[in-house]
Amino acid sequence: MVNKNDNGKYIDRYRNRLMIPIFDERNRVIAFGGRVLDDSKPKYINSPENVVFIKGRNLFGLNIAKKEKSKRLLVVEGYMDVISLHQRGITNVVGALGTAFTPGQGWLLRKNTEQVILGFDSDEAGQKAIIKAMEVMQNMGCDIRILQMTGAKDPDEYILKYGSARFQKLLDNAISLIEFRIKVLQKDLNLENASYKIKLL
């Protein structure tokens, strides 16, 4: 869209925005996601939910990832993570479309893979999202693994800093649900203290 500014010059309101088509698993465009490439606000502009597009029933990139017929799928938070990883050869990855992980998304994963690796952001919100996703998927019969990242806030930043080979090692070394639970529980405990060991158990 082109508008006139106060000086009478024409400017393109959306020249700094990236528009991304969102496909369903049958390869049909069902919505669009927009992201600014500068410091403009809002950072994201997405299609509203409707009869065709319901975030909680779709996974960004599944239409491509399912072609790999991989026994494992990596789930990340947003479509920028998915795009960045795909560009660098990691194609068994899908995005949760920035929504709280839902049973509908869980069953989509279960239908298309045997192992699900949760690779949400390493901040507190991302770690809480992992716990919620684990709760959603724990009775679906999937092998659930958790990606452990240090030195980066999300998969996009990690693969840019350290490269595809190192990221692939992260996938291979993703920890089990039990290991993740223990790690979370012992985070604030001094295990040299016997009473804290009992508390952990």
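Coordinates for the structure precede this section.
Quick summary incoming for the structure in this document. (Residues numbered from 1 in each chain as written. Predicted model: local features only at pLDDT ≥ 70, side-chain atom pairs only at ≥ 80, totals over all residues. Heavy atoms only, no water.)

1. Structural notes on the overall build of the chain
Counting its regular elements, the chain contains eight helices and ten strands. Buried positions account for 38% of the 201 residues belonging to the chain. When the accessible surface of the chain is split by element, carbon and sulfur atoms take 51% of a total near 12,100 Å². (Helix = DSSP H or I, 4+ residues; strand = E, 2+ residues; numbered from the N terminus. Buried < 20%, exposed > 50% of the residue type's maximum accessible area, 1.4 Å probe, protein only. Areas by Shrake-Rupley, 256 points an atom, 1.4 Å probe, with all protein chains shown as cover.)

2. As for the environment of Val-82
Inspection of the secondary structure puts Val-82 in helix H2 (residues 79-87). For Val-82, a relative accessible area of 2% puts it in the buried group. For the pair formed by Val-82 and Asn-92, sequence separation is ten residues and the distance between their alpha carbons is 9.3 Å. When sequence neighbours within four positions are dropped, the list of residues in contact with Val-82 reads Phe-60, Val-76, Val-93, Val-94 and Gly-95. (Contact = heavy atoms within 4.5 Å.)

3. Points about the sheet that holds strand E7 (residues 93-95)
The five strands are arranged E7-E6-E8-E9-E10 in an open sheet whose pairing can be described as mixed. Of all the strands in the sheet, just E7 and strand E10 (175-176) have a single pairing partner and so form its edges. For strand E6 (residues 72-76) and strand E8 (residues 115-118), the ladder comprises four bridges, and the chain directions are parallel. The residue bridging Leu-74 from the neighbouring strand is Ile-117, located in E8. (Pairing = 2+ DSSP bridges.)

4. Some details on a nonpolar patch on the surface
Together, Met-19, Val-29 and Phe-32 make up an exposed nonpolar region whose accessible area comes to about 290 Å². Using a relative accessible area of 44% as the deciding quantity, one classes Val-29 as partly exposed. (Patch = residues over 30% accessible without salt bridge, like charges linked within 9 Å, V, L, I, M, F, W, Y side chains within 5 Å. Salt bridge = Lys/Arg side-chain N within 4 Å of Asp/Glu carboxyl O.)

5. Considerations on the packing of H2 against helix H5 (residues 155-162)
Between two packed helices, the angle of one axis relative to the other and the distance separating the axes together describe the packing. At a minimum axis distance of 8 Å, the contact between H2 and H5 shows a crossing angle of 30 degrees. Between H2 and H5, the angle is such that the two are roughly parallel. The way H2 lies across H5 gives a crossing that is left-handed. Of the residues in H5, those touching H2 at Met-80, Asp-81, Ser-84 and Leu-85 are Pro-155, Asp-156, Ile-159 and Leu-160. (Axes fitted to C-alpha atoms, helices over the stretch in contact; angles between N-to-C directions. Parallel < 35°, antiparallel > 145°, perpendicular 65-115°, else oblique. Left-handed = near helix turned anticlockwise from the far one by under 90°.)

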